[in-house]
Structures are given as structure tokens and as C-alpha cells.
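Residue-level structural notes
Next come the chains, spelled out residue by residue.
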Amino acid sequence: MRSARTQSGLRRAGALAAVLWLTVLSGCAMVEVRSLGPEQYIAMKRGDILSTGKLSTSTDQTIRVAGLDETICAKTSLDCIDALGRAKEIDVDRRLAAMAEISMQLAIAQTSPGDKQWNDAQFDLWLRAARYSYAYLFYSDRPSSERAFEDRQTQVRDYYNYAVQNFAVALFRRVQQTGSDKIAGWTLPVDSSSVRFAGNRTQPREVLPASTLSFAGLRSPYRRDGFGAELVAVLDEKSAADALSATTRSPAPRGDAATGPEDHDNDDSGSRGGLSTRESRASRDFRRATDPNAGPVFSEMPSPSLTLLLRFNGTTLEEVLTTQVATLVVYDPYRQTSVELNHQLVPLAGNFTAGYGLWLARSGFAEQSLRTLFGRDRGIVRPHIYLMQPFDPGRRVILMLHGLASSPEAWVNLANEIQGDATLREHFQVWQVYYPTNSPILVNAMAIRNAFAATLKNFDPDGLSAASHNAVIIGHSMGGVIARLMVSSSDDDLWETFQSQYHLDDEQIDRARDRLDPLFDFRPVPQFERAIFIAAPHRGTPFARNRLGRWVSNLIKLPVTLLSSIDDVLHYATGSEDNPSEGKTRYVPNSIDQLRDNDPYVMAAAGLKISPAVQYHSIIARRSAQGPLEASSDGVVPYTSAHLAGAESERVIVAGHSVQETPQAILEIRRILHEDVDELDPVKLPGRVNPFQPIDPPPLAPSLPGRPTSR
């Protein structure tokens, strides 16, 4: 019995040995079938060194096919990359993609995160990763357009963009710390002829990778997928609030309205009939509070977005893979949408949120706007215009005016959405006004008109560009009231109100007219062709005269120089300037006073005619959808005050007074702007002369090695 079992076991063992022997002789590999779940499928298709920290399936397979997995590529090394380069039997696309990813793995592994300065060997690794990626994208067997839907090309593009991003930031840090941009074995010319920094600066103070920045308060970041590293250049060390307050002097005490040293050499009192010292000084101070020539009235974006390319020299694959010359080319993503590389037109990457978000996050506006409202130090005394991108003569202007106790932060999502909309970004540039909301509305309206005109004159002195025509003005709350004044004619209505309020005769009015005429006599700003009013109390609001409104009004302090100057001009008008103590001190209303529904100026302004050349729209909020529309309110402004007859459109949204922040209001504004683009498409205006005439474009830099052609 045992013998039979033993013999049976021996037969089975012999059969197994025979099978194994035949398998070895046949040289066949055993194949198994395994099903992949959705997570495994995505990991196999998309997972790579950047997303998982491990080499992609594609690179692993390439190494195995080359027979290098158990030898020279058992560990990641430069020798492995070189060996793959010599494996000519493997498709060149496949080899270059694997070489780019392995180089990226080496660069990441041998570069510690943080601000520690890199050595030349580390820089070389990142340059290699960028170079292999560049070669794959533009010098392999197939053009990039044929691989548009391939996951592998997207991965390799990301290797290039990430390598250039990290290389550029580290190189800038080296320059800042050592003053040297030299890397052993490499020549790195720079071409920045396509960009212009604010204030004609030649170099930023800080360079940040846009991909590392995220912002609370922004609903969505906007960027354009494409080729190149997305960066933010920080130009100013100070916050926007600190930079602005540094340009103004602290208010002088009452009784000394001087805002700066006396200018006796330019005193023109003699030419004005021998004005008194007090009246002359009052005129000067009033002028300084409202005149754009009294100080800077605009700033271009101090943290512009940039896109950087590394262009490797060579016209063939072999030349590109062996070159040690790479040109750093800097682009403005607002003005450049594509680049041509080796006869291939590719989209240029761009980030349209990071620079704007960083500027607002560091601005300090929230505190400063309140300091201004209550007349504290380090506030502002006159309007300032912020350009959200470097001035572009080919784009029309959208001018935004915030409301009471606010700042450009009120427009954070609207401005971001406009800049993120490709069509609107192509046609418009956003300018935001930051103004002192404690000042009387008429004073701010005059000063903003002057600042807007001065800003346009600075960039477009002849008024020939698109930026000087067909602008759009958008105002929220008190900013909406000012926006309406900007597109209206005053005629004599406001002068009559002034005369009635202060009981002045015709002779006294004539004396005051020379000083106050810019306040009460104005015409529509000719550049505006469209206006959008958001929750604007055109007829005032009862909120401004209730107990809370009166309490807040009493806390508001006017700029001392402005208060004393207007008071002195009024003394001059009444003939009491030589002995002001005998004259009656005149009350100067602040911003909240001029929002009361019974304020004489509000009632007069409500009747001013809007220019027939301006199309206007209303966006109105109501806190509840219940009840009659005419009886509704947003909690601050009643519908009857915000409604304007003759509007091109009126959109009522269930929301509070800060309706400009809601998605519904932003979508409505985008709808209006898209319609505006359709109506004013230059193709539809054949009679217009050069509607998009550029202004003295900067000359191109001399040709540099490897410089690409851009469009």
C-alpha cells in the first residue's frame, strides 16, 4: 500500500518537473488577468512623480522594456537617464518622457524645501528636467498638436512648468542673496522685453510661484492652462495702505490748515485781486485735497502676474539635448496668449488671480478705510486709482467705485471674475478707485473726475487709444451715487441749492464761484458710455437720519485741511475773511449727511440729467422676496431710492446691501459687459478711426540666443 502511494507521489512530482522543464524550454511568460477599479485606473493613467511621489507606470514600463530595471536603473540616477538616451530601439517620445520624469525625481530628491540656497549641481538637475521636457514637447517625432489628448503630454508639460517655476524662484533668490546669476556650465540670458513693471522698475523685490498661493474670500482662482511657469512679481515692500498713507501728511490742527511748506514764490494772490493770506491758504489747501497734481493719483498693480519660459538653444533634437544655453523669457499673460516654438503655436500659461489676491491680502485696506472714515492718522485724504494690470492701450477701462467705509476689497470677487473671463479680459482692464469716504460726496466726485482724467492723460496724452474711449463705470452704494454724478450734468441746480442753504446773495455767490465752481458745475465725463449702479441711494436713505445714522455721522471726522479750507472759502464768499471770528462758522456736511433722504444736495442731485450717450443699468437688492417691490429695501437703501427710470435693465436680487458680492449680481454684471462687447466690437464700427491704436509700444530687446517668436 505504501509502495503504491509512494509511486503515485513520484509520478506527480515527475509530471510537475516535466511541466517546469517544458516551460523553461518554451521561454513563455505566464500572463495573468487582473481587473482595475476606478482609483487604480486613474493612478495608472495619471499617477506620476508630481502627483504620487513615485514614477509613473509609463516610466516604469519604459525602463523594463529597455531591460534596465534590474541593472543600471535599479536606482534612480543620471546614469539611468543616460542609458535610456542610448536605447535607440525605443520610441523617442517614450524615452524623452521617461528621462524628463526621472530627472524631475532626482531634482526633487536632492533639493530640500525652503529658502536654503541651491548649489550649482541642484540647479543643473532642474535645468535637465526642463530640457528633457522641452525636447519631448517640441523636438520629438510628433508635434504636440498630435498628442493633445494624451495624458503623457500633460504630465511632461507639468514637469517643464514645475521645473521652470522652481528654477526661476531659486535663481532669483540667489541673485538677491549673492548678486550673481551664474551657474557652472550654463549660459542664461534673460529676455524681459515683453513686460513693463510699474514705475519702470527693472527688477521685482520678490518672486513667488503662483501655484503655491491660495486665498480665503475668493470663490474661484482663474488661470489659463498652457506652457510656462506662473509667477507673481512683488514690486513694493510696503502694503498698499502704507504706501498710500506715506504720500500724505497728517492733518494739521484746526487753525493751521497748511499741508506742506508755504510756496511764496508761486503765490498768485496778487493776480487775484489781492486775496488775503487766509483765503489764499484756504484755496491752496482745498486744491491739495482735490487736485490730482498735489500727489500721486494712480498706481499700477504692484504684484503683477508673469509667465516665464526657459528656451533651450538648438534647432534639432540632438542640439537641444546637448545645449548649455537657456534663455529666460518673461511674458505678461494679459498681453500674450500664445508663443511659437519650433514652428508650433502653443498656449501660454497664465494666472489671473494670484497677483490680485496677494495685493489685496497684503493691502491693509480694511483697517485704513475705517481710520479714514473716523479721521484717524494713516488714513487717506484724496482718491487714488489702482490699475489691476499694467496699463494696456488696447483695452477699455472698467472704473469701480466702492461704498461707505469700504475699499477696493469690496470688489474682490467681481474683479477676479472679470479678469478670469477670457472675453472680458481681452476687452477690458479693471481700475479701482480708493477714496476717503468721510469726505462730502460732491468733493469726492470732483476729485475722482480729476484723478481719472490725470491717469488717462499720463498714459494716453493724445486720447487715441481704446483705453480713452467707451469706458464703463460701476459703483456700489455711495460709490453708485458718485458714479451717477460722473455721467450727469449739474447745470445750475447745485449752485442754487448752495445759495439757498447758506442764504447767499448774487454777489457772494460770485465770490465763491471761483473757488467752488468745480464742485457744483460739471459735465458728464466723456469717456464713459455705460454705467452700472448697485444698491445706490440716488434719493438718499432714511437710514442716514435715524438714531444710528446720526450717531455714526457724529463720529465721522472730515479731513482738517478740507474742512478748514471750505470754511475759509465760505468766509471769503461772505466778505468776512479779514476778520473770520465775526463771521458765522458754516457747517460742512460729511458723507453720511449727504446720504440722508432729506439732504438738499441729495434731492438736487436726484434730478440731474444722465448723459443720453450713456446706457445705464440698475442692480437693486431687497432683503425679502415678500411684499410689494416698491415697499422693499436692502436694509439700508429702499427700492424707491435705488430705482432709476430709463435704465437699460434693472435686476432685483434677494440679498442685503452688500449685494455686489453675490454670485447673482456678478453674473448680471458679466452679462451686461458681454452685451457691451458685442455692441462695441470694432468690426461693427467701421467709421471709427483706429479704435485700438497702440501707444508707443516698447521696443523689442536685441535678439538673444534661443529667443522664441511670440504672438
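This text follows the structure it describes.
Residues numbered from 1 in each chain as written. Predicted model: local features only at pLDDT ≥ 70, side-chain atom pairs only at ≥ 80, totals over all residues. Heavy atoms only, no water.

1. So, the overall build of the chain
Threshold: Numbering goes from the N terminus for both helices and strands, where a helix is a DSSP run of H or I of at least four residues and a strand is a run of E of at least two. The cut-offs for exposure are 20% and 50% of the maximum accessible area for each residue type, with area from a 1.4 Å probe on protein chains only; residues under the lower value are buried, those over the upper are exposed, and the others partly exposed. We call two residues in contact when some of their heavy atoms are within 4.5 Å. Only the protein chains shown count as covering a residue, and every accessible area follows the Shrake-Rupley method with a 1.4 Å probe.
A tally of helices and strands in the chain yields 23 helices and 20 strands. The buried share of the chain, taken over its 711 residues, is 52%. Within the chain, counting contacts between residues at least 6 apart in sequence, those at least 24 apart form 80% of the total. Carbon together with sulfur atoms contributes 52% to the accessible area of the chain, which is approximately 32800 Å² in total.

2. Observations concerning the packing of helix H6 (residues 120-139) against helix H7 (residues 151-178)
Two numbers describe a pair of packed helices, the interaxial angle and the distance between the axes. Here is the rule: Convention adopted: a line fitted to C-alpha atoms gives each axis, helices being fitted over their contacting stretch, and angles between N-to-C directions are expressed from 0 to 180 degrees. Note on convention: the crossing is left-handed when the near helix lies turned anticlockwise from the far helix by less than a right angle, right-handed when the turn is clockwise. Three residue categories are used. Nonpolar comprises Ala, Val, Leu, Ile, Met, Phe, Trp, Tyr, Cys and Pro, charged comprises Asp, Glu, Lys and Arg, and polar comprises the others, including Gly.
At a minimum axis separation of 8 Å, H6 and H7 run at an interaxial angle of 150 degrees. Judged by the sense of rotation from one axis to the other, the crossing of H6 with H7 is left-handed. Along the lines of polarity and charge, the residues of the contact of H6 with H7 split into 17 nonpolar, three polar and four charged.

3. Topic: the sheet that holds strand S1 (residues 190-191)
Operational definition: At least two bridges found by DSSP between two strands is the condition for calling them paired.
Here we have five strands laid out as an open sheet, ordered S1-S7-S6-S4-S2, and mixed in their pairing. The sheet terminates laterally at S1 and strand S2 (206-209), the two strands that pair on one side only. Pairing analysis gives four bridges linking strand S4 (residues 229-234) to strand S6 (residues 305-312), with the strands arranged antiparallel. Looking across to S6, one finds that Glu230 is bridged to Thr307. Sheet strands in contact with H7 are S2, S4, S6 and strand S7 (326-331), and its direction is about 105 degrees off that of S6.

4. Considerations on the pattern of salt bridges
In plain terms, the rule: Salt bridge criterion: a side-chain nitrogen from Lys or Arg within 4 Å of a carboxyl oxygen from Asp or Glu.
Inspection of the entire model under this criterion finds 28 salt bridges. For Glu150, the salt bridge identified is with Arg142, shortest N-O distance 2.8 Å. Here Arg651 makes a salt bridge to Glu668, at a shortest N to O gap of 3.8 Å. Placement of the pair is Arg651 in strand S19 (residues 649-654) and Glu668 in helix H23 (residues 663-679), with a sequence separation of 17 residues. With a relative accessible area of 32%, Arg651 lands in the partly exposed category. The class of Glu668 is buried, set by a relative accessible area of 8%. Ionic contacts of the salt-bridge type, sharing partners, join the residues Arg396, Glu529, Arg530, Asp676 and Glu679 into one network.

5. Regarding the nonpolar core
Basically, it comes down to this: Side-chain atoms within 4.5 Å are what join buried Ala, Val, Leu, Ile, Met, Phe, Trp, Tyr and Cys residues into a set we call a nonpolar core.
Grouped together as the largest cluster of nonpolar side chains are 71 residues, with contacts concentrated most on Tyr134, Tyr160, Phe167, Phe227, Leu310 and Phe312. In terms of residue count, the dominant contributor to this core is H6 (13 residues). With residues near it in sequence (within four places) discarded, Tyr160 still touches Ala130, Ser133, Tyr134, Leu137, Phe227, Gly228, Leu309, Leu310, Arg311 and Phe312.

6. What about the sheet that holds strand S14 (residues 471-476)?
Remark on secondary structure: sheet strands pair via backbone hydrogen bonds, oriented parallel or antiparallel. The strand order across the open sheet formed by eight strands is S5-S11-S13-S12-S14-S16-S18-S19, and the pairing between neighbours is mixed. Looking along the sheet, the strands with just one partner apiece sit at the ends: strand S5 (298-300) and S19. Adjacent strand axes in the sheet meet at a mean angle of 20 degrees when their direction is disregarded.

7. Observations concerning the side chain of Gln165
Tracing the backbone through its elements, the reader meets Gln165 in helix H7. When near neighbours in sequence (up to four residues on either side) are disregarded, Gln165 contacts Pro209, Ser211, Ala229, Glu230 and Leu231.

8. A closer look at empty space enclosed by the protein
Put simply, the test is: Lining residues are those with an atom within 4 Å of a point, where the points come from a 1 Å grid over the protein atoms alone and group into cavities, where a 1.4 Å probe fits but cannot get out, or pockets, open sets with protein on both sides within 12 Å along at least five of seven lines. Grid points are joined across faces, edges and corners, and a volume is the space filled by probe spheres set on the points.
Under the counting rule described, the total for this entry stands at nine cavities of 30 Å³ or more. In this structure, the second largest cavity spans a volume of roughly 110 Å³. When contributions to the lining of the second largest cavity are tallied by element, the ones reaching two or more residues are S6 and helix H11 (354-361). A breakdown of the residues in the lining of the second largest cavity according to their chemical character gives ten nonpolar, six polar and two charged.

9. Brief notes about a negative patch on the surface
Put simply, the rule reads: Grouping into patches uses exposed residues only, defined as over 30% relative accessible area, and leaves out salt-bridged ones; the cut-off is 9 Å for like charges and 5 Å for nonpolar side chains (Val, Leu, Ile, Met, Phe, Trp, Tyr). Positive residues here are Lys and Arg, negative ones are Asp and Glu, while His and the chain termini are left out of the count. In this description, the location of a charge corresponds to atom NZ of lysine, CZ of arginine, CG of aspartate or CD of glutamate.
A cluster of like negative charges, contributed by Asp505, Asp506, Glu507 and Asp510, occupies part of the molecular surface. Residue placement: Asp506 occurs in helix H18 (residues 506-520). Accessibility expressed as a relative area gives 56% for Asp506, which makes it exposed.

10. Concerning helix H12 (residues 365-373)
The complete set of buried residues in H12 reads Phe365, Gln368, Ser369, Arg371, Thr372 and Leu373. Residues of H12 that are buried make contact with helix H8 (240-245), H11, strand S11 (384-387) and strand S13 (428-434). Phi for Gly375, located one or two positions after H12, is positive at around 70 degrees.

11. Notes on the pairing of strand S8 (residues 338-341)
Sheet analysis places S8 next to strand S9 (residues 344-347), joined by four bridges and oriented antiparallel. Bridging across to S9, Leu341 finds its partner in Gln344. Counted along the chain from S8 to the antiparallel partner S9, the turn is two residues long, and its residue Asn342 has a positive phi close to 50 degrees.

12. A short note on the environment of Thr662
What counts here: Residues adjacent in sequence count toward polar contacts only when both atoms are side-chain atoms; beyond that, a polar contact is any pair of N or O atoms within 3.5 Å, and within protein one must be able to donate a hydrogen and the other to accept it.
If you trace the backbone, Thr662 turns up in the loop between S19 and H23. For the pair formed by Thr662 and Asn413, sequence separation is 249 residues and the distance between their alpha carbons is 8.7 Å. Ignoring any residue separated from it by four or fewer positions in sequence, one finds Thr662 in contact with Arg219, Ile653 and Ala655. Polar contacts involving the side chain of Thr662 include one to the main-chain carbonyl oxygen of Val659, which spans 2.8 Å. For Thr662, the side chain forms a polar contact with the main-chain nitrogen of Ala665, separated by 3.2 Å.

13. Concerning the state of the cysteines
Here is the rule: Cysteine sulfur atoms that pair up within 2.5 Å are treated as a disulfide.
Taken as a whole and judged by the stated rule, the model has one disulfide. Between the sulfur atoms of Cys73 and its disulfide mate Cys80 the distance is 2.0 Å. Residues Cys73 and Cys80 are joined through a disulfide that is right-handed, its torsion about the S-S bond being 100 degrees. In this structure, Cys73 and Cys80 share a single accessibility class: buried.

14. Quick word on the packing of aromatic side chains
Note the cut-off: To pair, rings of Phe, Tyr and Trp, with the six-membered ring standing in for Trp, must have centres within 6.5 Å; the planes then decide the type, stacked if under 30 degrees apart, edge-to-face if over 60, and tilted in the middle. In this analysis the charged atom, NZ for Lys or CZ for Arg, is taken to sit over a ring once it is within 6 Å of the ring centre and within 35 degrees of the ring normal.
Across all of its chains, the model carries 28 aromatic pairs by this definition. Through a chain of ring-to-ring contacts, three or more aromatic side chains come together here, namely Tyr134, Phe138, Tyr139, Tyr160, Trp186, Phe227 and Phe312. Here Arg131 stacks its cationic end above the ring of Tyr132, 6.0 Å away from the centre of that ring. The ring of Phe352 carries the charged tip of Arg425 above its face, separated from the ring centre by 3.7 Å.

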